[in-house]
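Analysis of the macromolecular model
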Amino acid sequence: MLRMSTLFLRTLREDPADAEVPSHKLLVRAGYVRRVAPGIYSWLPLGLKVLNHVASVIREEMDAIGAQEVQFPALLPREPYEATNRWTEYGDGLFRLKDRKGNDYLLGPTHEELFTLLVKSEYSSYKDLPVSLYQVQTKYRDEARPRAGILRGREFLMKDSYSFDLDDEGLQRSYDAHRGAYTRIFERLGMDYRIVSAVSGAMGGSASEEFLAVAPTGEDTFVSCTACDYAANVEAASVRAPEPTDPAAAPPQEVVDTPDTPTIETLVAVMRDKGYDIGPEHTLKNVVLMLRQPTGERSPLVVGVPGDREVDLKAVEANVYPAEVEPFEGGDFAKYAGLVRGYIGPQVLKNLGIRFLVDPRITTGSAWVTGANEPGKHAVNVVMGRDFEPDGVVPAAEVKAGDACPRCGSPLDIGRGIEIGHVFQLGRKFADVFSLDVLGPQGKPVRVTMGSYGIGVSRAVAAIAEQSHDEKGLVWPRSVAPADVHVAAVGKGDPLPEAERLAAELEKQGLTVLLDDRGTSPGVAFKDAELLGIPTILVVGKGLANGEVEIRDRRSGEARTVPVGEAVAAVVADVRG
RNA sequence: CGGGGCGUAGCGUAGUGGCUAGCGCGCCUGCUUUGGGAGCAGGAGAUCGGGAGUUCGAAUCUCCCCGCCCCGACCA
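Residues numbered from 1 in each chain as written. Chains lettered and ligands numbered in written order. Predicted model: local features only at pLDDT ≥ 70, side-chain atom pairs only at ≥ 80, totals over all residues. Heavy atoms only, no water.

Further remarks concern the side chain of serine 458. By secondary structure assignment, the location of serine 458 is in helix α12 (residues 457-467). Assessed through its relative accessible area of 5%, serine 458 is described here as buried. Contacts of serine 458, omitting those with residues within four sequence positions, involve Trp43, Leu51, Ile150, Phe156 and Leu157. (Helix = DSSP H or I, 4+ residues; strand = E, 2+ residues; numbered from the N terminus. Buried < 20%, exposed > 50% of the residue type's maximum accessible area, 1.4 Å probe, protein only. Contact = heavy atoms within 4.5 Å.)

Structure, rendered in structure tokens:
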């Protein structure tokens, strides 16, 4: 039994000044976590209970699909990460250190290398596969900007698992098993989440989906269809392109004087003054970027998007990998005299030898208002397939609410979410690096294919707090609450002995109990109970005079009075639902 | 990485007119109080983020560093 009189807990009456998001404020105020360094937090007794409960749910569901738990060190030698080039690729994101002999070590940001090597060292036959291994372990990433308390920390607890299969069908089965387990985990954690398509990124591999906890404070933006079940991270959202039309059918191009129109807004205003019925969506804006190849070679790239949309640099970067996208600086314009700042149009790019990519919304036959490549002039009815021809297509324009679903055409919604899980078909990237083969039934080596699956355990605690709180404090789902019931002895007349007796009785029934035996004034006891967020509160106080106690539901706020003799059964019934 | 704001006791903050650093909460002692963050009295607790500098004298002015929060990273 947790007794508040001795529990290591100090609640705060006011929000910490450095906290912005609800989970950070409340987890600190309620005494669940304390910051020790940027992005690094200690878990206090109640917080640790929640964290462990989340981990338990995850372990149960992982075990249920036959995955086996192992534990790697957090402190790792450089060599395996050198082999996969991640020692370099991770850059400043990696915590590096040296031992007394000067050898390089790192604090593991993720463990694909170690799992691959472990399986390689132990298994050598197709009969051993498939196998899935997982661990619940502290990860380290030296984030450029840790934020929002434990939502994005530099040290965090993660469940990561890896599947090993002989072929693509096996990988798909392992992937589906993990996806199912994740669904059950987040259901049990009481979370409001969406499964969205994700980008595989530079890692290669194919299928990749993220589990996003829906929350306005989330760092990820996703689209979801209002009609069908399409949902995707905006970084991976595909576009429903308009039908191509015949370029020859378009009206002729004309050039218009448009002085002082460096932005889309000013351009549209001037064009309207001149009698052209256009909006920003009819303009084609051409963003100049600089691509830097790994070799250091730099070359310009122009990306065309409808004028009412922003360019998503991440999407561009994902498409030009391994090149990196850099801003096109003022000095660069001097080097490319054909590019007229503010009045760039695609008509001349081919002649200038500059690579031009367009968003899929720019289709053959579509006509645009765009720069005329002369200061103070724009061109109207610039038609793709007639007046310019792109070198390729890149989904560079941001998605907006109301855009057509790429699957069914219905309007899309936009939402924010916290990435709490990621399932990913890695394929053979790591197996290739470490030559992870097993001997097949024909006596020939078979390259193993892998899946990688992660859940941010500590982040899930914060995500639950983001989704489950009110103005009074936290409201834990029963599956993770630090205790099943909060018994508060309040008011005069020494209610403590009866509260103790009821608490002991509840424990005998198998419930976990937090007992407020501090003897504070009732207001303090109630405020703290609400702040801590245990789902059921049993108030033992003034009602005792009539042989009654009060049972409160933290989430709904409903309270009911029951005879003392029925209290235990009533609470047990509430907790067991 | 860039820009802005901020850093004073465990928490929230006042004080920048240069000279004994104040308040609220929390904490300790005593008495009173006990169904919505009680009252009275007494008390402990601060290298004013760190370092260097200017000065007779610095929380306050200057420089550097560290940390926190927000915004930005392209505007054709």
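Alright, that's what it looks like, and here's the rest.
Close approach of charged atoms allows side chains of opposite charge to pair. Per the counting criterion, the structure on display carries 30 salt bridges. Among the ionic pairs, arginine 188 bridges to glutamate 60, the shortest N-O distance being 2.7 Å. Taken as a pair, arginine 188 in helix α6 (residues 168-188) and glutamate 60 in helix α2 (residues 45-64) lie far apart in primary sequence, 128 residues in all. Residue classification places arginine 188 among the partly exposed residues on the basis of a relative accessible area of 33%. Glutamate 60 gets classed as partly exposed once you look at its relative accessible area, which sits at 44%. (Salt bridge = Lys/Arg side-chain N within 4 Å of Asp/Glu carboxyl O.)

Here the focus is the packing of aromatic side chains. Per the stated rule, a full pass over the model turns up 10 aromatic pairs. Geometrically, the ring pair formed by phenylalanine 115 and tyrosine 162 is tilted, given 4.2 Å between the ring centres and 35° between the ring planes. With phenylalanine 115 in helix α5 (residues 112-122) and tyrosine 162 in strand β9 (residues 155-165), this pair connects stretches of sequence that are 47 residues apart. Here phenylalanine 115 matches tyrosine 162 in class, with each residue buried. Here the aromatic residues Tyr182, Phe186, Tyr193 and Phe211 are joined through ring pairs into a cluster of three or more. Above the plane of the ring of phenylalanine 430 lies lysine 429, whose end atom (NZ or CZ) is 5.8 Å from the centre. Lying across the ring of phenylalanine 526, arginine 552 places its NZ or CZ 4.3 Å from the centre. (Phe/Tyr/Trp six-rings, centres within 6.5 Å; stacked < 30°, edge-to-face > 60°. Lys NZ or Arg CZ within 6 Å of the ring centre and 35° of its normal.)

Geometrically, the link from leucine 129 to proline 130 is a cis peptide bond, its omega value of 0° lying close to zero. Relative to the helices and strands, proline 130 resides in the loop between α5 and β8 (131-140). Unlike most non-glycine residues, serine 435 shows phi in positive territory, near 50°. Tracing the backbone through its elements, the reader meets serine 435 in the loop between α11 (429-434) and β23 (437-439). One non-glycine residue, aspartate 494, lies in the positive phi region at around 50°. In this structure, aspartate 494 sits in the loop between β28 (485-489) and α13 (496-508).

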